[in-house]
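Tertiary structure, described
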Amino acid sequence: NRIGLQWNRKYTQSFYLESSTINDLDLYGNTPQSQPLGTFSTSWFSAIYSIGYSFSKVHTGISLRGIYSKLYIEQMCGFSTDMGILYRYNKVLK
């Protein structure tokens with residue numbers, strides 16, 4: 001699932017929320033068995049803020065992301081960033 005908002009002022013900016021959940025995954029132990037020991041679920045959530053700027057033939061941008069993930073009994077929180085530069089050589093080659 002993803003929902004977001006984008007706006008333009010001096011720079012193009014956006015904010016998105018993303019999430020995903022999977023329930024009733026079969027849980028098996030270390031020894032192969034024909035029947036699962038039970039079930040478990042996994043979930044994931046992130047919030048993303050992005051900003052971009054264009055001048056002449058150069059487009060730049062950066063995104064900051066906060067992440068939460070849960071798999072069985074393990075949980076993880078973290079941050080990540082993405083940066084990019086695009087140079088438009090001409091209208092055919094981008």
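Remarks on the environment of Arg65
In this fold, Arg65 is placed in strand 4 (residues 58–71). On a C-alpha basis, the gap between Arg65 and Tyr16 in space is 9.4 Å, while along the polypeptide they are 49 residues apart. Setting aside anything within four residues of it in sequence, one finds Arg65 in contact with Glu18, Trp44, Ser46, Ala47, Ile48, Gly78, Phe79 and Ser80.

Some words on the side chain of Gln13
Among the secondary structure elements, Gln13 is positioned in strand 2 (residues 12–27). Looking at Gln13, the relative accessible area reads 15%, which means it is buried. Polar side-chain contacts of Gln13 include one of 2.5 Å to the side chain of Tyr49. Ignoring sequence-local partners within four residues, the contact set of Gln13 consists of Leu5, Gln6, Trp7, Tyr49, Ser50 and Ile51.

As for the sheet that holds strand 2
An order of 1-2-3-4-5 is seen for the 5 strands of this open sheet, with the pairing classed as antiparallel. Of all the strands in the sheet, the pair left with one neighbour each is strand 1 (2–8) and strand 5 (74–87). Across the sheet, the mean angle separating the axes of adjacent strands is 15° when strand polarity is ignored. For strand 1 and strand 2, the ladder comprises 7 bridges, and the chain directions are antiparallel.

Parameters at a glance
- Residues numbered from 1 in each chain as written.
- Predicted model: local features only at pLDDT ≥ 70, side-chain atom pairs only at ≥ 80, totals over all residues.
- Heavy atoms only, no water.
- Helix = DSSP H or I, 4+ residues; strand = E, 2+ residues; numbered from the N terminus.
- Contact = heavy atoms within 4.5 Å.
- Buried < 20%, exposed > 50% of the residue type's maximum accessible area, 1.4 Å probe, protein only.
- Polar contact = N/O pair within 3.5 Å; in protein donor to acceptor, adjacent residues only side chain to side chain.
- Pairing = 2+ DSSP bridges.
- Axes fitted to C-alpha atoms, helices over the stretch in contact; angles between N-to-C directions.

These values are about where atoms sit, not about what they do.
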